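# Structural overview
Residue-level listing of the chains:
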Amino acid sequence: LRPGRLYTTPASSTVKVLGTDYLTDSYTNITPTILSKLPLQLHRQPAHPLGTLRTLIESHFPSFSHLSSLSPIVTPYQNFDSLSFPADHPGRSVTDSYYINKDVMLRTHTSAHEVETFAKGETKWLLTADVYRRDEIDGSHYPVFHQMEGAKIFEAAPYAMREVEEDNERLSAHLKQSNIVIEDIPHLTPANPSQPSHNPQHSEAVALNLKLHLNSLLLELFGDAAGATKEDPLKVRWIEAYFPFTSPSYEVEVFFRGKWLEILGCGVVLQGTLDRANVPNKLGWAFGLGLERIAMILYSIPDIRLFWSSDKRFLSQFTPGRISTFKPYSKYPPCHKDVSFWLPSRPDGEAKMHDNDFCDLVRDVAGDLVEDVKVIDRFTHPKTKRDSLCYRINYRSMDRSLSNAEVNDIQDQVVSHLKDRFGVEIR
Ligand code: FA5
Ligand code: MG
């Protein structure tokens with residue numbers, strides 16, 4: 001794990017995050033744009049599409065605990081180690097995750113709270129939260145998004161497994177009469193095995209229980225209400241997956257408006273997680289849903305930036321508890337600008353500017369006026385070994401037309417920050 005801000009110096013030696021001062025160090029890579037999102041809590045605003053979706057899913061699991069106010073500030077132990085991520089997992093790197101300093105970070109997924117939630121004695125729960133990942137910029141990626149974790153654990157004993165089987169029969173009967181076609185896969189395979197400490201039959205019953213609960217949720221969200229019929233049923237497909245903290249593991253895709261869309265990851269909880277939570281004699285399942293992905297489909301919201309809009313023309317369209325089709329108010333013209341530059345030469349092995357560093361810089365200058373960023377050219381000079389890069393930044397406001405002068409001014413600021421922070425030479 002290498003420090004990520006070789007080219008940058010923190011402006012001050014502390015940073016205030018949600019009211020607390022933290023020391024900065026070579027890991028610090030949280031940006032002002034990110035800091036501004038932390039208090040917003042979109043998933044707790046009742047009329048916001050993300051708030052409505054949260055309450056809809058919660059009402060599908062009425063007997064579960066519903067948690068939604070945990071701080072996004074966690075330790076790398078919570079986010080990674082408690083979930084058995086290996087020490088060299090790429091997700092830990094400063095190019096992929098936001099760190100306040102080397103000991104404190106912003107959660108990258110709601111799974112960061114599994115151990116503490118099981119440790120509190122919760123056996124069936126949903127937990128909704130904002131999560132943070134350094135990523136590219138386009139219409140479906142935003143550095144902050146929302147996930148809902150769901151989990152249910154059972155006694156690892158024959159009587160409890162009989163209850164799981166009964167639950168499975170009840171859920172199967174309900175799904176049989178519905179307008180849904182499920183492309184299933186075997187619960188266990190050599191590549192997606194049950195865990196060594198599990199009775200494979202128990203593992204299989206729990207995996208089936210997970211699948212049935214999720215199929216039933218998807219039917220409620222995307223089924224009848226979204227227009228599925230016996231002739232044109234909702235299509236759902238299960239895919240083998242891998243997560244360091246579940247086995248077997250799966251992902252689910254839903255076929256919607258002509259495309260397969262990944263909406264969740266899930267699996268049978270790794271026994272290590274339950275051991276760390278002090279509930280070693282249980283076994284169970286967990287899932288993590290992407291709320292924006294689901295809301296974009298259900299509400300026909302075309303761009304992920306819209307969730308963050310405070311424009312009345314966006315917010316006034318929604319009523320608490322009801323899914324409605326978003327009516328775009330206008331699409332304003334885009335304007336793209338290229339920037340080409342040489343990176344300073346670095347000793348071998350030293351970290352270079354990562355694409356995510358560039359995207360964070362642009363976000364900080366342009367905010368939500370940036371629609372997407374693409375690398376259009378990248379090469380290394382054969383003699384000097386210096387790297388040359390060209391990025392194309394596409395600017396577009398969702399609320400108004402941008403003037404040429406305004407875009408030029410933003411682009412000038414991007415260029416000047418690039419020079420200051422990364423020592424680049426504009427070509
Ligand atoms: C996870 O984050 C796991 N924690 C999920 C999980 C939970 C697995 C419990 C097993 C047990 P993943 O990175 O695939 O997995 O993200 C889960 C979902 O979040 C995705 O399916 C997608 O719907 C959503 N998601 C992921 N990245 C983004 C993004 N950049 N923008 C919007 N939604 C995203
Ligand atoms: Mg995934």
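Because the structure is predicted, anything quoted here is derived from the model rather than measured.

Basis of the calculations
- Residues numbered from 1 in each chain as written.
- Chains lettered and ligands numbered in written order.
- Predicted model: local features only at pLDDT ≥ 70, side-chain atom pairs only at ≥ 80, totals over all residues.
- Near = placed C-beta within 6 Å.
- Helix = DSSP H or I, 4+ residues; strand = E, 2+ residues; numbered from the N terminus.
- Nonpolar A, V, L, I, M, F, W, Y, C, P; charged D, E, K, R; others polar.
- Pairing = 2+ DSSP bridges.
- Core = buried A, V, L, I, M, F, W, Y, C linked by C-beta atoms within 7 Å.
- Buried ≥ 20, exposed ≤ 12 C-beta atoms within 10 Å, placed from the backbone.
- Contact = placed C-beta atoms within 7 Å.
- Axes fitted to C-alpha atoms, helices over the stretch in contact; angles between N-to-C directions.
- Parallel < 35°, antiparallel > 145°, perpendicular 65-115°, else oblique.
- Domains from an automatic or database assignment.

## Overview of the site of ligand 1
- If you check the shell around ligand 1, you find 22 residues, and the closest are His-109, Ser-111, Gly-265, Gly-288 and Gly-290.
- Only β8 (144–155), β12 (259–269), β13 (282–290) and α8 (291–299) provide two or more residues apiece to the shell around ligand 1.
- When its residues are assigned to classes, the shell around ligand 1 shows seven nonpolar, nine polar and six charged.

## Some words on the environment of Ser-36
- Inspection of the secondary structure assignment puts Ser-36 in helix α1 (residues 32–37).
- As a C-alpha pair, Ser-36 and Val-17 span 19 residues in sequence and 9.5 Å in three-dimensional space.

## With respect to the sheet that holds strand β5 (residues 99–101)
- Pairing is antiparallel across the open sheet formed by three strands, whose spatial order is β4-β6-β5. The strands lining the two open edges of the sheet, one partner per strand, are β4 (73–74) and β5.
- As paired strands, β4 and strand β6 (residues 104–106) are joined by two bridges and run antiparallel to one another. Across the sheet, the residue bridging to Val-74 is Met-105, located in β6.

## Here we look at the nonpolar core
- In this structure, Trp-285 and Ala-295 are the most contacted members of the largest nonpolar core, which totals 73 residues.
- Among the elements that line this core, the one with the most residues is helix α6 (residues 200–222), at 10 residues.
- Among all residues touching Trp-285, those that are not within four sequence positions of it are Ala-151, Lys-152, Val-206, Asn-209, Leu-210, Cys-266, Gly-267, Val-268 and Val-269.
- In this structure, Phe-358, Val-370, Ile-393 and Ile-410 belong to the second largest nonpolar core, which totals 22 residues.

## Considering the packing of helix α2 (residues 49–60) against α8
- Relative orientation of the contacting elements α2 and α8 amounts to 100 degrees, with a least axis distance of 10 Å. Here α8 runs roughly perpendicular to α2, going by the angle between their axes. Of the residues in α8, those in contact with Pro-49, Leu-50 and Leu-53 of α2 are Leu-291, Ile-294, Ala-295 and Tyr-299.
- A breakdown of the residues in the contact of α2 with α8 according to their chemical character gives seven nonpolar, no polar and no charged.

## Side note on the pairing of strand β1 (residues 14–17)
- Note that β1 and strand β2 (residues 20–23) share four bridges and pair antiparallel. Looking across to β2, one finds that Thr-14 is bridged to Leu-23.
- What sits between the antiparallel neighbours β1 and β2 is a turn of two residues, in which Leu-18 has the positive phi angle 45 degrees.

## Some thoughts on the domain arrangement of the chain
- Here the chain is described as being made up of domain 1 (32–72 + 107–315) and domain 2 (331–426).
- If you average the C-alpha positions of domain 1 and of domain 2, the two centres end up 36 Å apart.
- Each side of the interface is counted separately: domain 1 has 15 residues, and domain 2 has 14 residues.
- Of the residues that constitute the side of domain 1 that touches domain 2, the class distribution is five nonpolar, three polar and seven charged.

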